[in-house]
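Structure at a glance
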Amino acid sequence: MAEKAILFDTSKCSGCKGCQAACKSWNNLPSPTALNADAPSFTGTYQNPPDLNGMTRLIMTFAEEQGGPKGIKWAFGRRACQHCADAPCVTICPAGALFVDEATGLVTTDDAKCISCRYCASACPFDVPRYAGERGVINKCTGCVDRVANGMAPACVTTCQPGALSFGDRDEMVALAEERAAVLRERGFEDAVAYGVDEVGGLHVIQVLKYGTAAHGQVVDPAVNPAVALTQIMKPVTGAVTGLTVAGLAAMFALGVGYKRDKRVYNVETGDTLDVETHEVLKHGDGQDTESIKEHILENLPRRKGGDHE
Ligand code: SF4
Ligand code: SF4
Ligand code: SF4
C-alpha cells in the first residue's frame, strides 16, 4: 500500500464538527459534559471542548476574525495528530506503544504496551498526546488504521459532508493541496498555503490553510526537541523496556522539556506547563516528582513469566 495522508481543506469546511463526533463514535470515546467544567460558562466560541483530552482525539478549533464581505471571517482548524513522517513520539516511546503503521505511514498506538510515562506528550511539537488517566494510556488519533486496513477511509473523513476531508495516497493529497492553495491565492486569499508537505519531515495530514498557518491555529515552523534524538542512546538494542531505559529518559527530560505548541513547555518534574519566554506557569500539573513518576513506570513495566521485569 502506498503512503497515505488525510487532506483537510479549510476553505471547504463548514465547522459542523461531524468529524469530531465521528471520531468519538468510531473509537467508542465518551463525551461527558463535565470535561468542559474547566471552561468558563460561555467562552464566546463554538469550540468545545476547549482542547484535546484523554477522551478526545480530534477537535475543530474556531477562530473568528473581523473582516471580509460579511464582517467576520471564520478560520476553522483541525487539532489532532499530524502523523509526522519522522515522529518524535515514536522515537522517544520506550515501550513501543506508538509506532508507524508500515502499510500507510500513519502513526498509530498499541494501548496494551503503554506504560503511562507520557514522554510522547513532551516530545510532540504539536502538543497532541493526552493521558487518559481513567484508562491509564495515551490518547491520540490512530489514523483509523483499523478501518484503512479494511479498505475504508478514516471515520472523520467518511463523515465530512462538504468534502473538506479526503483520504488517499500522500503524493496525490499533496498535489491537490498545493493546487487548491494556488487557486485560493489567485482569488485574493494571499496567505493561503499548503501545510504539512515538509514540516517535521513531512506530515500525513496535509492541510489547505485559507487564511495562513497561524490563523487556523497551526504551529508555524514546528521544531523537535533535540533531546529526543539523544534519548535513542538510552534504548537498548533489543528495544525492550528496562529500568535503565526509563531512568535515563527521566533524567534527560528532568533537565529540560519538549518544545510545545505555541512555545509552551511541559516540566515533567512538576507537571506544570510554562510559557517559554516568560516562564509563567500557564497550567499547574499534579505535582508529581520524578521519583514517583519513575516508580509508577517501573510498577507498570511489562513482566516476564515469573514476575521479573524484562
Ligand atoms: S483518523 Fe480516526 S482516530 Fe484520527 S481523528 Fe480521524 S476518526 Fe479520529
Ligand atoms: S503530531 Fe505529535 S503525536 Fe502525532 S505523530 Fe507527530 S509527534 Fe507523534
Ligand atoms: S466534518 Fe467536515 S465540514 Fe464538518 S467540521 Fe469536520 S472537516 Fe469541517
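The structure we're discussing is the one just above.
About the cut-offs
Residues numbered from 1 in each chain as written. Chains lettered and ligands numbered in written order. Predicted model: local features only at pLDDT ≥ 70, side-chain atom pairs only at ≥ 80, totals over all residues. Heavy atoms only, no water. Helix = DSSP H or I, 4+ residues; strand = E, 2+ residues; numbered from the N terminus. Contact = heavy atoms within 4.5 Å. Buried < 20%, exposed > 50% of the residue type's maximum accessible area, 1.4 Å probe, protein only. Core = buried A, V, L, I, M, F, W, Y, C linked by side-chain atoms within 4.5 Å. Domains from an automatic or database assignment. Near = heavy atom within 4 Å. Nonpolar A, V, L, I, M, F, W, Y, C, P; charged D, E, K, R; others polar. Disulfide = S-S within 2.5 Å.

1. Quick notes on the overall build of the protein
- Tallying secondary structure elements over the protein gives 9 helices and 13 strands in all.
- Relative to all contacts within the protein whose residues are 6 or more apart in sequence, the contacts with residues 24 or more apart total 57%.

2. Some words on helix α1 (residues 18-27)
- For α1, the full list of buried residues reads Cys 19, Gln 20, Ala 22, Cys 23, Lys 24 and Asn 27.
- If you follow the buried residues of α1, they end up packed against β2 (59-66), α5 (155-159) and β8 (165-169).
- Positive backbone phi, at 55°, marks Asn 28, one or two positions downstream of α1.

3. Digging into the nonpolar core
- Grouped together as the largest cluster of nonpolar side chains are 31 residues, with contacts concentrated most on Cys 84, Cys 89, Phe 126, Val 128, Tyr 195 and Leu 203.
- The element contributing the most residues to this core is helix α3 (residues 119-123), with 3 residues.
- In terms of domain composition, this core takes at least three residues from each of domain 1 (4-83 + 145-216) and domain 2 (88-99 + 113-140 + 225-299).
- When residues no more than four places from it in sequence are discounted, the contact partners of Val 128 are Leu 52, Arg 79, Ala 80, Cys 81, Asn 139 and Lys 140.
- Cys 13, Cys 156, Cys 160 and Phe 167 belong to the second-largest nonpolar core, a separate cluster that totals 20 residues.

4. Quick look at the site of ligand 2
- Surrounding ligand 2, one finds 13 residues, the nearest of these being Cys 81, Gln 82, Cys 84, Cys 89 and Cys 124.
- Each residue belonging to the shell around ligand 2 can be placed in one class, and the counts come to 10 nonpolar, 2 polar and 1 charged.
- Structurally, the shell around ligand 2 is a two-domain feature, drawing no fewer than three residues from each of domain 1 (4-83 + 145-216) and domain 2 (88-99 + 113-140 + 225-299).

5. Considerations on the state of the cysteines
- For the structure on display, the rule yields 0 disulfides.
- Here Cys 93 is not cross-linked by a disulfide; its sulfur's nearest cysteine counterpart is in Cys 117, at 6.0 Å.
- Among the residues examined, Cys 93 registers a relative accessible area of 11% and is labelled buried.

6. Thoughts on the site of ligand 3
- Taken together, 13 residues lie around ligand 3, and Cys 13, Cys 16, Lys 17, Cys 19 and Cys 160 are the ones closest in.
- Partitioning the shell around ligand 3 into residue classes produces 9 nonpolar, 3 polar and 1 charged.

Fair warning: the whole summary comes from geometry, so function is off the table for now.
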